[in-house]
Amino acid sequence: RRHVVDATRLIGGSELDRSRTRFHAPSAAKAQEALRAIVDFCVGPMARFSEEEGSYMMNAFPRSGYQVSRAYLLTWHKGSIRALLRNVLSGPRLERLEMQRSLGAEAREDASSPPLMSTYDVLVGLAFRPGRYAEGIFSPFELPVASDADRV
């Protein structure tokens, strides 16, 4: 969990350049990777045991064995997800993200460089984009594609 929490700092955060003299906003690609890790943590195989693994981990619970109950793992996972999403979707973090985006758009001299991530990108990334091991949080729902007729 700690690595995923650390990765959230790429969303609305900053990175120090190699010379250690200047901070800059992380690329959208790095922030997207962080979102993929969050999706995997929330709905991926984390803390989900196969029947064989569950029998081994809960062998003779609570008298002996690892003393891991399924209820404990679900409660821990639920609390971790709640804290993680609260962190990523916090008002101050999203404000910094939008500020970086607007300042980056003004300061970009090279029009070919990709734009920075927006709040919309974060929401879509969490809800609909897959992680490495799991579909998006809102899976199987898909983001509707707007047609030209829908645009006014």
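We now turn to the structure provided with this report. (Residues numbered from 1 in each chain as written. Predicted model: local features only at pLDDT ≥ 70, side-chain atom pairs only at ≥ 80, totals over all residues. Heavy atoms only, no water.)

### Concerning the overall build of the chain
Step number 1: Across its full length, the chain carries six helices and two strands.
Step number 2: For the chain, the α and β elements follow one another from N to C terminus as α-β-β-α-α-α-α-α.
Step number 3: For the chain, the proportion of contacts with a sequence separation of at least 24, taken over those separated by at least 6, is 59%. (Helix = DSSP H or I, 4+ residues; strand = E, 2+ residues; numbered from the N terminus. Contact = heavy atoms within 4.5 Å.)

### Overview of the pattern of salt bridges
Step number 1: All chains considered together, the criterion is met by four salt bridges.
Step number 2: The partner of Glu 33 in a salt bridge is Arg 36, with the nearest N and O atoms 2.8 Å apart. Of the two residues, Glu 33 and Arg 36 both sit in helix H2 (residues 28–43), three residues apart, roughly one turn of that helix.
Step number 3: A salt bridge links Arg 132 to Glu 33; the nearest nitrogen and oxygen atoms lie 2.9 Å apart. Pair noted here: Arg 132 is in the segment after helix H6 (119–127) and Glu 33 is in helix H2, with a separation of 99 residues, a long-range link.
Step number 4: Exposure remark for Arg 132: the relative accessible area of 55% places this residue in the exposed category. (Salt bridge = Lys/Arg side-chain N within 4 Å of Asp/Glu carboxyl O. Buried < 20%, exposed > 50% of the residue type's maximum accessible area, 1.4 Å probe, protein only.)

### Side note on the side chain of Arg 93
Step number 1: Its location among the elements puts Arg 93 in helix H5 (residues 91–107).
Step number 2: When near neighbours in sequence (up to four residues on either side) are disregarded, Arg 93 contacts Thr 8, Arg 9, Ile 11, Gly 12, Asn 87 and Val 88.

### Thoughts on the packing of aromatic side chains
How two aromatic rings sit relative to each other is given by the distance of their centres and the angle of their planes.
Step number 1: Counted by the stated rule, this structure contains two aromatic pairs.
Step number 2: Their ring planes at 70 degrees and their centres at 6.3 Å tell us that Phe 41 and Trp 76 sit as a pair that is edge-to-face. Here the residue Phe 41 occupies a position in helix H2, and Trp 76 occupies one in helix H4 (residues 70–88), the gap between them amounting to 35 residues.
Step number 3: Under the relative-accessibility criterion, Phe 41 is labelled buried at 5%.
Step number 4: For the pair Phe 128 and Phe 138, a centre-to-centre distance of 5.8 Å together with 85 degrees between the ring planes defines the contact as edge-to-face. Within this pair, whereas Phe 128 is found in the segment after H6, its partner Phe 138 is found in the segment after H6, the two being separated by ten residues in sequence.
Step number 5: The exposure class assigned to Phe 138 is partly exposed, which follows from its relative accessible area of 46%. (Phe/Tyr/Trp six-rings, centres within 6.5 Å; stacked < 30°, edge-to-face > 60°.)

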